[in-house]
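Now for the letters of each chain:
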Amino acid sequence: MDARTLVTNVTSILSLPDVVVQVNDLINDGEATNAELEKVILNDPALTAKLLKFGNSPYFGFSGKICTVLNAILLIGHKELRNLVIASAVTSTFKGISTELVDMDRFWYHSVTCGVVARLLASNINNRDRFFIAGLLHGVGNLILFSQFPVESARILSFSEQGEDAVIREGKKVFGFTYAELGAELLKQWRLPESIWRMVEYQFDPMMADEEAARMDACILYAAFNIANHIQPCAHHYVALEETKLFEKLESWGYVGLTPEMIESTITVAKLDAIEVLNAIR
């Protein structure tokens, strides 16, 4: 079985709610009005409440100023709106995964942290909102494997003490593809932009991306993933990188231009922002 076949087989149980699909389709169309988006969102009271809470979080700096859905859309923009509705939906989509494999609270904290870090690292890149959703969903392929293949996943996670690379190698040996490839296939099925699922697909080997912009995007996501692991590993039995090893690994990427000082400041800001975002979407 390849990644595409597996995703096709589980799409019925891992589909996005109708309101999320409608919002995503409207934004993909590129001609949606704020009024059209507002009308769709108001049909979902829970999403409406989350949008207002998210818009008023310190993450956006509009605390207490947003009191209507239309105001929220005007202030945060269509792409950040997509981030919110997808984040809110995804965090409640995956249920019934064994707590022996992963603590879901830790998983989503790690994922949100990865998204926040990726967005911070992409401060000089256009349309940097896509980095948050790519970071948030970078590990979603793992959740498919945890839910559908718990026994095999437990065996793969037993390699965690040897490091993340060992887990990735074992996963590919068992399934024939990485969880990054599987996650990218799911994001394709969800009709997310190519710039997002390409980042997820190449996150383990960024330099394999065939275009310079895609390589930079994937390098940023890989850096974000490593920094997020340093802040909060997501799976049980994972051994976090020592601080010096983290710096050595990331400093070697002249392609991104990271320095220990940049990493330190990013970690400080990300810890605060991640809590705010997670509280809003969950």
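Scroll up a little and you will see the structure.
To start, this report covers the structure provided alongside it. Every value quoted in this text rests on a predicted model; they were computed, and no experiment measured them.

## Digging into the overall build of the protein chain
- Across its full length, the protein chain holds 16 helices and zero strands.
- Taken across its 282 residues, the protein chain has 53% of its residues classed as buried.
- A fraction of 68% describes how many contacts in the protein chain between residues 6 or more apart in sequence connect residues 24 or more apart.
- As presented, the protein chain carries roughly 12700 Å² of accessible surface, and 50% of it is formed by carbon and sulfur atoms.

## Let's talk about a nonpolar patch on the surface
- There is a patch of nonpolar side chains on the surface, built from L70, L74 and L75 and spanning about 250 Å² of accessible area.
- On the secondary structure map, L70 appears in helix 5 (residues 69-76).

## Here we look at the pattern of salt bridges
- Under the definition given, this model contains eight salt bridges.
- Two residues, E170 and K173, come together in a salt bridge whose shortest N-O distance is 3.4 Å. Within this pair, E170 and its partner K173 are both found in helix 11 (residues 164-175), separated by three residues, close to a single helical turn.
- K173 gets classed as exposed once you look at its relative accessible area, which sits at 63%.
- Here the residues in one salt-bridge network are R4, E185 and K188, joined through shared partners.

## Points about the side chain of E170
- By relative accessible area, which is 10% here, E170 ends up buried.
- In this view, E170 contacts I156 and F159; residues no more than four positions away in its chain are not counted.

## Here's the deal with helix 3 (residues 34-42)
- Those residues of helix 3 lying buried are N34, L37, V40 and I41. One side of helix 3 holds all its buried residues, which, seen down the axis, span an arc of 125°.
- Tucked into the core, helix 3 has its buried residues touching helix 2 (18-29), helix 4 (45-55), helix 5 and helix 6 (78-93).

## Looking at the nonpolar core
- L81, F94, I144 and L187 are the most contacted members of the largest nonpolar core, which has 94 residues in total.
- In contact with L81, other than residues within four places in its own chain, are V23, I27, L37, I41, L51, I73 and I76.

## Thoughts on the packing of helix 8 (residues 129-136) against helix 13 (residues 194-201)
- Relative to each other, helix 8 and helix 13 sit at 45°, their axes nearing to 9 Å. By the angle between their axes, helix 8 is oblique relative to helix 13. Relative to helix 13, helix 8 is oriented so that their crossing is right-handed. For the pair helix 8 and helix 13, contact is made by R130, F131, I133 and A134 and by S195, I196, M199 and V200, respectively.

Rules and cut-offs
- Counting from 1, residues in each chain are numbered in the order their sequence is written.
- In keeping with the model being predicted, local features are shown solely for residues with a pLDDT of at least 70 and side-chain atom pairs are shown and tallied solely at 80 or more, while totals for entire chains, interfaces and linings include all residues.
- Each side-chain value is derived from all of the structure's non-hydrogen atoms; neither hydrogens nor water enter the calculation.
- Secondary structure elements follow DSSP: runs of H or I no shorter than four residues count as helices, runs of E no shorter than two count as strands, and numbering proceeds from the N terminus.
- Working definition: with a 1.4 Å probe on protein chains only, accessible area under 20% of the residue-type maximum means buried, over 50% means exposed, and in between means partly exposed.
- In what follows, a contact means two residues having at least one pair of non-hydrogen atoms within 4.5 Å.
- We get accessible surface area from the Shrake-Rupley algorithm with a probe of 1.4 Å; when it comes to residues, only the shown protein chains can shield them.
- The patches described consist of residues with a relative accessible area above 30% and no salt bridge, like charges being joined within 9 Å and nonpolar side chains (Val, Leu, Ile, Met, Phe, Trp, Tyr) within 5 Å.
- Salt bridges are defined by distance alone: a side-chain nitrogen of Lys or Arg within 4 Å of a carboxyl oxygen of Asp or Glu.
- By arc we mean the arc of the directions from the helix axis to the C-beta atoms, nothing more.
- What is meant by a nonpolar core is a set of buried Ala, Val, Leu, Ile, Met, Phe, Trp, Tyr and Cys residues, joined one to another through side-chain atoms within 4.5 Å.
- Axis angles are defined between N-to-C directions and span 0 to 180 degrees, where every axis is a line fitted to C-alpha atoms and, for a helix, only to the segment in contact.
- Orientation categories follow fixed angle ranges, with anything under 35 degrees roughly parallel, anything over 145 roughly antiparallel, 65 to 115 roughly perpendicular, and all other angles oblique.
- Less than a right angle of anticlockwise turn of the near helix away from the far helix marks a crossing as left-handed, whereas a clockwise turn marks it as right-handed.

Worth remembering: the numbers are spatial, not functional.
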